[in-house]
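Chain residues, written in single-letter form:
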Amino acid sequence: MPMITVPLGERTYPIHIGSGLLDCLGTHVVEALGEISVAVVTDDNVAPLYLARAEKSLEAAGLRVCTITLPHGEQTKCLDQLANLYAFLCENRLTRKDAVIALGGGVIGDLTGLAAATFLRGVHFIQVPTTLLAQVDSSVGGKVAVDLPQGKNLVGAFYQPEFVLVDPDTLTTLTDEYWRDGLGEVVKYGCIGDADLFALLEGCAPGGRAALMARIDDILLHCIQAKADVVAQDEKDTGLRMTLNFGHTIAHAVETCQHYEGLRHGEAVALGMHVMTRLTEQKGMTAPGTAARLDALLHQLDMPMELPGLSEEDVISAMFMDKKYSGKVLRVIVLNEIGKCFIHPTDVSFFHGMMK
Ligand code: NAD
Ligand code: GLY
């Protein structure tokens, strides 16, 4: 089974990737932490699909298991559900040698990770991501958080897991909308640092989801290795990790303008990458032909490239109000060409004409 390592000194951890690995969860926990108690946190879409298999594997390995199933959706990533988790962990008498396991998408991973980081000042944390987005992005790198009414991810921590277990078979049950959500991030990795991945996606995209699933192990390996490399060099997000935000500045602004009720996140990222690359190619910062190549792939993946109903002015003002923007300079990620990028400081004038 392929394994990728996130090298972070004392907190170095493995990411196990392979079809059917969910049935080996118990063995991996015992190998990493011995015969402890584990609390599995999941949501009500994932529980009927995968919870019984996870429990069976954990119990077969001799672990004491308790489980909690939360409602699915972003609204679960909140302080009330965090308090709910603390109560559950108390009732089940988890100690600092025990572990909390997140079985689900990015919502369950982020919430459970924050509970693990803070309960008893930190218990062991294991990620078992079941969406494409969580497998290629949110389960790796230790960002854990909940949302506040004032905004997304406003309370959080950097808290690395003991290990991540990625079973690509779980992706077969994802709806098309969540599959496409994850694909936006997959294309991003190809754009910012991995021309081979981009070419692999170009080869599969005409065959749709089935063709991409036929190469999913390779696709996951490329993406997870890219994320692990960036996190290893910039765990606390002070420089290089910012490159993972390619397309995201425009995406977040669009999502804000649409009150999170329009494009899905992955679609907004695709749109952001398209708008940004067309703009920077016009400015002579990106190699000619890059935007056309990106657009062709996004088109084949059925990603949106038009933004009906929002003015350029709305999107620009939302961009410059983002919480990550301080002062007058906004740093954005620009492609030199497919597979290479750099961080570029901009001001408002940079974006004029971007929607034309
Ligand atoms: P999600 O967790 O809401 O999962 C999407 C939907 O798919 C849910 O309805 C879920 O119940 C369902 N689902 C999960 N696995 C399934 C499966 N195998 N089969 C069928 N249905 C399944 O959302 P997401 O897209 O995985 O993650 C989004 C969250 O991740 C956001 O809160 C975002 O802020 C966060 N995020 C975090 C990071 C990070 O670095 N921590 C990075 C990117 C995104
Ligand atoms: N999803 C961006 C990061 O992990 O930094």
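A short tour of the structure in this document, coming up. Keep in mind that this is a model prediction, so the values were computed, not measured. Numbering of residues begins from 1 in every chain and follows the order in which that chain's sequence is written. To read the labels, note that chains go from A and ligands from 1, taken in the order they are written. Where totals are concerned, whole chains, interfaces and linings use all residues; where local detail is concerned, this predicted model gives features only for residues with pLDDT of at least 70, and gives and counts side-chain atom pairs only at 80 or more. Where side-chain values are given, they derive from all heavy atoms of the structure, hydrogens and water being excluded.

A few words on the site of ligand 1. The nearness test applies per residue and asks whether one of its heavy atoms lies within 4 Å of the molecule or strand. Taken together, 25 residues lie near ligand 1, and Asp43, Glu74, Thr130, Thr131 and Thr173 sit nearest. Under this definition, polar contacts are N or O atom pairs within 3.5 Å; protein pairs additionally need one hydrogen-donor-capable and one acceptor-capable atom, and for neighbouring residues in sequence, both atoms have to be side-chain atoms. Between ligand 1 and Asn45 there is a distance of 3.0 Å, counted from an oxygen atom to a side-chain nitrogen or oxygen. At a separation of 3.0 Å, an oxygen atom of ligand 1 approaches a polar side-chain atom of Lys152. Notes on ligand 1: free accessible area 860 Å², of which the protein chains cover 89%. Secondary structure elements follow DSSP: runs of H or I of four or more residues count as helices, runs of E of two or more count as strands, with numbering from the N terminus. Mapped onto the shell around ligand 1, the elements with two or more residues apiece are α2 (47-60), α4 (106-118), α5 (132-138) and β8 (151-158). Class assignment for the residues of the shell around ligand 1 results in seven nonpolar, 10 polar and eight charged. In short, Shrake-Rupley with a 1.4 Å probe defines the accessible areas, and a residue's cover is counted only from the protein chains shown. Gly is put with the polar residues, along with every residue not named as nonpolar or charged; the nonpolar set is Ala, Val, Leu, Ile, Met, Phe, Trp, Tyr, Cys and Pro, and the charged set is Asp, Glu, Lys and Arg.

Moving on, we get to the pattern of salt bridges. Counted as salt bridges are all cases of a side-chain nitrogen of Lys or Arg within 4 Å of a carboxyl oxygen of Asp or Glu. As enumerated under the stated definition, the model contains 18 salt bridges in all. Note that Glu177 and Arg264 form a salt bridge whose closest N and O atoms lie 3.9 Å from each other. Taken together, the residues span a long stretch of sequence, with Glu177 in helix α6 (residues 176-193) and Arg264 in the loop between α10 (248-257) and α11 (265-282) at a distance of 87 residues. Only protein chains enter the area calculation, which uses a 1.4 Å probe; residues under 20% of their type maximum are buried, those over 50% are exposed, and those in between are partly exposed. Residue Arg264 is classed as partly exposed on the basis of its relative accessible area of 26%.

We now examine the site of ligand 2. Near ligand 2, the surroundings consist of Asp137, Lys143, Lys227, Arg241 and Leu244. Between ligand 2 and Asp137, the relevant distance is 3.0 Å, taken from a nitrogen atom to a side-chain nitrogen or oxygen of the residue. Arg241 places a polar side-chain atom, nitrogen or oxygen, 2.7 Å from an oxygen atom of ligand 2. Relative to its unbound accessible surface of 200 Å², ligand 2 loses 81% to contact with the protein.

Paired strands, as defined in this entry, are two strands with at least two bridges between them according to DSSP. The strand order β1-β2-β9-β6-β5-β3-β4 describes an open sheet built from seven strands, whose pairing is mixed. Two strands bound the open sheet, and with one partner strand each, they are β1 (3-6) and β4 (64-70). Each strand axis lies, on average, 20° off the axis of its neighbour in the sheet, ignoring direction. Of the pairings in the sheet, the one linking strand β3 (residues 37-43) to strand β5 (residues 99-104) comprises four bridges and is parallel in character. The residue of β5 that forms the bridge with Val38 is Ala99. Between two residues, a contact is recorded if the distance between any of their heavy atoms is within 4.5 Å. Axis lines are fitted to C-alpha atoms, over the contacting stretch for helices. Their N-to-C directions set the angle, which ranges from 0 to 180 degrees. Across the sheet, α2 is in contact with β3, β4 and β5; its angle to β4 comes to roughly 170°. Along the sheet, helix α3 (residues 79-91) contacts β3, β4 and β5; its crossing angle with β4, the most-contacted strand, is approximately 160°.

Before going further, it helps to spend a moment on empty space enclosed by the protein. Think of a 1 Å grid over just the protein atoms. A cavity is a set of points where a 1.4 Å probe fits yet cannot get out, a pocket is an open set with protein on both sides within 12 Å along at least five of seven lines, and lining residues have an atom within 4 Å of a point. Grid points are joined across faces, edges and corners, and a volume is the space filled by probe spheres set on the points. Overall, the coordinates contain two cavities of 30 Å³ or more when judged by the stated rule. Approximately 50 Å³ is the volume found for the largest cavity. Lining the largest cavity are Asn245, Gly247, His248, Thr249, Ile250, Gly272, Met276, Val332 and Ile333. Looking at the lining of the largest cavity, the elements with two or more residues in it are α10, α11 and β10 (330-337). It is α10 that contributes the most residues to the lining of the largest cavity, three residues altogether. Considered class by class, the residues forming the lining of the largest cavity number four nonpolar, five polar and no charged. Size it by volume and the second largest cavity reaches roughly 30 Å³. Lining the second largest cavity are Leu132, Trp179, Leu183, Val186, Leu201, Leu212, Ile216 and Ile219. Going through the elements one at a time, α6 and α9 (216-233) are the ones with two or more residues in the lining of the second largest cavity.

In this section: unusual backbone geometry. For His259, which is not a glycine, the phi torsion comes out positive at approximately 50°. Topologically, His259 is positioned in the loop between α10 and α11. On the basis of relative accessible area, His259 is assigned to the exposed category, the value being 60%. If you check the backbone angles, Asp302 has positive phi at about 70° while not being a glycine. Its relative accessible area of 57% is what places Asp302 among the exposed residues.

To continue, consider the pairing of strand β7 (residues 143-148). Where β7 and β8 come together, five bridges link them in antiparallel fashion. Bridge pairing in β8 links Lys143 to Phe158. Counting the residues in the hairpin turn of β7 and β8 gives two residues.

Glancing now at the environment of Met1. Along the polypeptide, Met1 turns up in the segment before β1. Met1 sits 18 residues away from Ser19 along the chain, and the two C-alpha atoms are 8.6 Å apart. In this structure Met1 touches Ile17, Gly18, Ser19 and Leu21, once residues within four positions along its chain are discounted.

On to a nonpolar patch on the surface, then. Residues enter a patch when their relative accessible area is above 30% and they make no salt bridge; the linking distance is 9 Å between like charges and 5 Å between nonpolar side chains (Val, Leu, Ile, Met, Phe, Trp, Tyr). Taken together, the side chains of Leu79, Leu154 and Val155 define a hydrophobic patch exposed on the protein surface, amounting to about 220 Å² of accessible area. With respect to the helices, strands and loops of the structure, Leu154 is situated in strand β8. Leu154 gets classed as partly exposed once you look at its relative accessible area, which sits at 38%.

What follows is about helix α7 (residues 195-204). Residues three or four positions apart in an α-helix share a direction because the helix packs 3.6 residues into each turn. Those residues of α7 not exposed but buried are Leu197, Phe198, Leu200, Leu201 and Cys204. Buried residues of α7 fall within an arc of 160° about the axis and therefore sit on the same side. With respect to the buried face of α7, the exposed residues turned more than 90 degrees away are Asp196 and Gly203. Those residues of α7 that are buried lie in contact with α6, α8 (208-214), α9 and α12 (290-300). As used here, the arc belongs to the directions running from the helix axis to the C-beta atoms.

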